[in-house]
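Report on the structure
Chain by chain, the residues:
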Amino acid sequence: MRRHPMRSAITRLAAAGTAALLLLLAGCSGDSSPLARTTSKPPASAAAPAHAAPDTSCNPRASLRPAGALPAPGHMPAGSYMAKIQARGRLVLGTSQDTLLFSSRNPFTGKVEGFDVDMARQVAAAIFGDPDRIQIKVIGYDKRVSSARDGSVDIVADTMTANCARWKDVNFSSIYYEAGQRVLVSSDSKARTIQDLGGKRVCAASGSTSYDNIGAVATKPIPVAKPAFGDCLVAFQQNEVDAISTDDTILAGMAAQDPYAKVIGPKFTQEPYGMAMSQEHPEFTRFVNAVLEKNRADGTWAATYKKWLGAFGAPPAPPKAEYR
Ligand code: GLU
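Along every chain, residues carry numbers that run from 1 in the direction the sequence is written. With the structure being a predicted model, the display of local features is reserved for residues of pLDDT at least 70 and the display and counting of side-chain atom pairs for 80 or more, all residues being used for whole-chain, interface and lining totals. The basis for the side-chain values is all heavy atoms of the structure; hydrogens and waters are excluded.

Here we look at the sheet that holds strand β3 (residues 98-99)
One open sheet holds the three strands; their spatial order is β3-β4-β5, and the pairing between them is antiparallel. The outermost strands of the open sheet, each flanked by one partner alone, are β3 and β5 (112-113). Relative to strand β4 (residues 103-105), β3 runs antiparallel, the two being bridged by two bridges. When the sheet's bridge partners are listed, T99 is paired in β4 with S103. Pairing between strands is defined by DSSP: at least two bridges between them are needed. Secondary structure counts use DSSP, requiring at least four H or I residues in a row for a helix and at least two E residues in a row for a strand, with both numbered from the N terminus.

Next up, the structure:
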């Protein structure tokens, strides 16, 4: 078992109550801490998901082509799903609240914010002329596909990999971010890649692509499923798991919260992020793709990257749109 002062302090505190632990980690008080609220997320199904073989039957990056120029904000075409959203007065976004930098609760404002949230706010701006016309529903990773499919949210922006298995149930926008899976270990670990973690417990969120990918590593790390990645971080800090493996984006946010952790190895998967929507109104997917086209071209994407991810360097070129 790893030993260092912070972990053992944390483990002792945990015995006194998870809430206290989470408040310590978040370095703030009150119930508005991003991690504290994780505990209220409904648990994922008790059974761990099976390891799915990758489905390569499609090009998951290819979305629906925009139908032409964007309508003016506030003037959505009659009969379209965008007009329905406009009449309702708000866009409903499904996302996480514990993914630092992409969608996490700001402990000072209580608002969920990040790169993913801004992607959806830009869609709201295109519909209403006002990015604040958005309602955020916090959903578990394992509810991203079903929430988009059944219409309980209009759109999911939640570090969600566009893949062929998911395309069977939802439409994805064009790709707005290129992530890849890496591994977070204790800073004193000798491991250099996920291959070095054979027989070790490696945590990922239920319903995430990472969970399946851990199970596919030849040296056989032991995948451990938790409802959300915030729960993985707590499990790691309590020595319940040896490592966490997920997208580099999510790990960067975790490493920023734990001085005794480090991220190792190259990206060993490609995780292209798309926003998920119901297949029942494809005009909305085309509309969202037109918004992304505009924002790639006019510098909005780069400005959003700088705002949330600027600490990692200058913005790369935005992912190029592909259409079917
Ligand atoms: N991009 C992943 C997914 O859509 C989320 C992170 C992960 O898998 O660990 O499932």
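So, the site of the ligand
Only heavy atoms are used to decide nearness, and a residue is near a molecule or strand if one of them lies within 4 Å of it. Taken together, the neighbourhood of the ligand is formed by 14 residues, with T159, T161, S210, T246 and D247 sitting nearest. Pairs of N or O atoms within 3.5 Å make up the polar contacts considered here, provided that, within protein, one atom can donate a hydrogen while the other can accept it, and that residues adjacent in sequence are counted only when both atoms are side-chain atoms. The side chain of R144 places a nitrogen or oxygen atom 2.8 Å from an oxygen atom of the ligand. One nitrogen or oxygen atom from the side chain of T246 is found 2.4 Å from an oxygen atom belonging to the ligand. Relative to its free-state accessible area of 280 Å², the ligand is covered by the protein chains to the extent of 100%. Mapped onto the shell around the ligand, the elements with two or more residues apiece are α7 (209-215) and β13 (243-247). The protein chains shown are the only cover counted for residues, whose accessible areas, like all others here, come from Shrake-Rupley with a 1.4 Å probe.

Comments concerning the state of the cysteines
In plain terms, two cysteine sulfur atoms within 2.5 Å form what is called a disulfide here. Counted by the stated rule, this structure contains two disulfides. With its sulfur 2.1 Å from that of its partner, C203 forms a disulfide with C232. On the sign convention where negative is left-handed, the bridge of C203 and C232, at about -75° about the S-S bond, is left-handed. On the criterion of sequence distance, the pair formed by C203 in strand β11 (residues 201-205) and C232 in helix α8 (residues 229-237) is long-range, its members being 29 residues apart. According to the relative accessible area criterion, C232 is buried, its value standing at 0%. For each residue, the accessible area found with a 1.4 Å probe, counting protein chains only, is set against the maximum for its type, and the residue is called buried under 20%, exposed over 50%, and partly exposed in between.

Here's the deal with the nonpolar core
Grouped together as the largest cluster of nonpolar side chains are 36 residues, with contacts concentrated most on L91, F115, I127, Y176, Y177, F284 and F287. Of all the elements in the fold, those that place two or more residues in this core are α3 (81-88), β2 (91-95), α4 (115-128), β9 (177-179), α10 (282-297) and α11 (300-309). Per-element tally for this core: the top contributor is α4, with nine residues. Residues enter a nonpolar core if they are buried and are Ala, Val, Leu, Ile, Met, Phe, Trp, Tyr or Cys, with the set joined through side-chain atoms within 4.5 Å. Ranked by size, the runner-up nonpolar core spans 28 residues in total, among them A191, A204, A205 and Y211.

Some thoughts on the pattern of salt bridges
Salt bridge criterion: a side-chain nitrogen from Lys or Arg within 4 Å of a carboxyl oxygen from Asp or Glu. Applying the stated rule across the entire model yields 11 salt bridges. R121 is paired through a salt bridge with D132; the nearest N and O atoms lie 3.0 Å apart. In this pair, R121 sits in helix α4 while D132 sits in the loop between α4 and β6 (134-138), placing the two residues 11 residues apart along the sequence. When its relative accessible area of 24% is taken as the criterion, R121 is described as partly exposed. Among the residues examined, D132 registers a relative accessible area of 52% and is labelled exposed. E240 serves as the salt-bridge partner of K226, at 2.7 Å between the closest nitrogen and oxygen. With K226 in strand β12 (residues 222-226) and E240 in the loop between α8 and β13, this pair connects stretches of sequence that are 14 residues apart. On the basis of relative accessible area, K226 is assigned to the buried category, the value being 18%. Classification of E240 as partly exposed rests on a relative accessible area of 35%. By sharing partners, the salt bridges in this structure join D118, R121, D132 and K307 into a single network.

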